[in-house]
Amino acid sequence: QVRLVQSGGGLVQPGGSLRLSCAASGLNFRLHPMAWYRQPPGLERELVANVTGGGSTNYADSVKGRFTISRDNVRNTVFLRMESLRPEDTAVYYCNTGARGKNFWGQGTHVTVSS
């Protein structure tokens, strides 16, 4: 059974930094692209960043230059480093992967950017 367990997040002031982690199990991690999505209050879930098994990355325009997605294929973990955070980054963040024809999601982590 594929499981994605998230950690990190919380309350941070504008301009601050946070790191999210997502530990995966139940799949051959290095073969699967991983992604981070977010859902701001009252809005649709949106893609933030993704990374292939080989480490190629892609970012939403709104986070380019501020967020960094990375993965550790030994620890089966994907990370999202968020810097220069803005109030509009406030959202529930989810890690995601696809395996065996299905979509899998982490439990979600609240990130609140506020002074």
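Now for a look at the structure at hand. Note that the structure is predicted; figures quoted are calculated from it, not measured.

**A short note on the overall build of the protein chain**
For step 1, the next point in the chain: Counting its secondary structure elements, the protein chain contains 0 helices and 11 strands.
For step 2, the next point in the chain: In the protein chain, the succession of helices and strands from N to C terminus is β-β-β-β-β-β-β-β-β-β-β.
For step 3, the next point in the chain: Relative to its length of 115 residues, the protein chain is compact, with a C-alpha radius of gyration of 13 Å against a globular reference of 13 Å.
For step 4, the next point in the chain: A principal-axis box enclosing the C-alpha atoms of the protein chain has dimensions of 40 × 25 × 20 Å.
For step 5, the next point in the chain: Long-range pairs, those at least 24 residues apart, make up 54% of the contacts in the protein chain with a sequence separation of at least 6.

**Description of the side chain of His 32**
For step 1, the next point in the chain: Relative to the helices and strands, His 32 is located in the loop between strand 3 (18-25) and strand 4 (34-39).
For step 2, the next point in the chain: Accessibility expressed as a relative area gives 17% for His 32, which makes it buried.
For step 3, the next point in the chain: Among all residues touching His 32, those that are not within four sequence positions of it are Leu 27, Gly 53, Arg 71, Thr 97, Gly 98 and Ala 99.

**Remarks on the environment of Val 2**
For step 1, the next point in the chain: Along the chain, the position of Val 2 falls in the segment before strand 1 (3-8).
For step 2, the next point in the chain: Between the alpha carbons of Val 2 and Leu 85 there is a distance of 31 Å; along the sequence they are 83 residues apart.
For step 3, the next point in the chain: Sequence-distant contacts of Val 2, that is, excluding residues within four places in its chain, are made with Ser 25, Gly 26, Leu 27, Ala 99, Arg 100 and Phe 104.

**Points about the sheet that holds strand 7 (residues 67-72)**
For step 1, the next point in the chain: Pairing within the open sheet is antiparallel, and its 4 strands lie in the order 1-3-8-7. Either end of the sheet is taken by a strand with one partner, and the two such strands are strand 1 and strand 7. Across this sheet, the average inter-strand angle for adjacent strands is 15 degrees, counted without regard to direction.
For step 2, the next point in the chain: Of the strand pairs in this sheet, strand 7 and strand 8 (residues 77-82) are connected by 6 bridges, and their pairing is antiparallel. By the bridge assignment, Asp 72 is partnered in strand 8 with Thr 77.

The rules behind these values
- Residues numbered from 1 in each chain as written.
- Predicted model: local features only at pLDDT ≥ 70, side-chain atom pairs only at ≥ 80, totals over all residues.
- Heavy atoms only, no water.
- Helix = DSSP H or I, 4+ residues; strand = E, 2+ residues; numbered from the N terminus.
- Rg over C-alpha atoms; globule rule 2.2 N^0.38 Å.
- Contact = heavy atoms within 4.5 Å.
- Buried < 20%, exposed > 50% of the residue type's maximum accessible area, 1.4 Å probe, protein only.
- Pairing = 2+ DSSP bridges.
- Axes fitted to C-alpha atoms, helices over the stretch in contact; angles between N-to-C directions.

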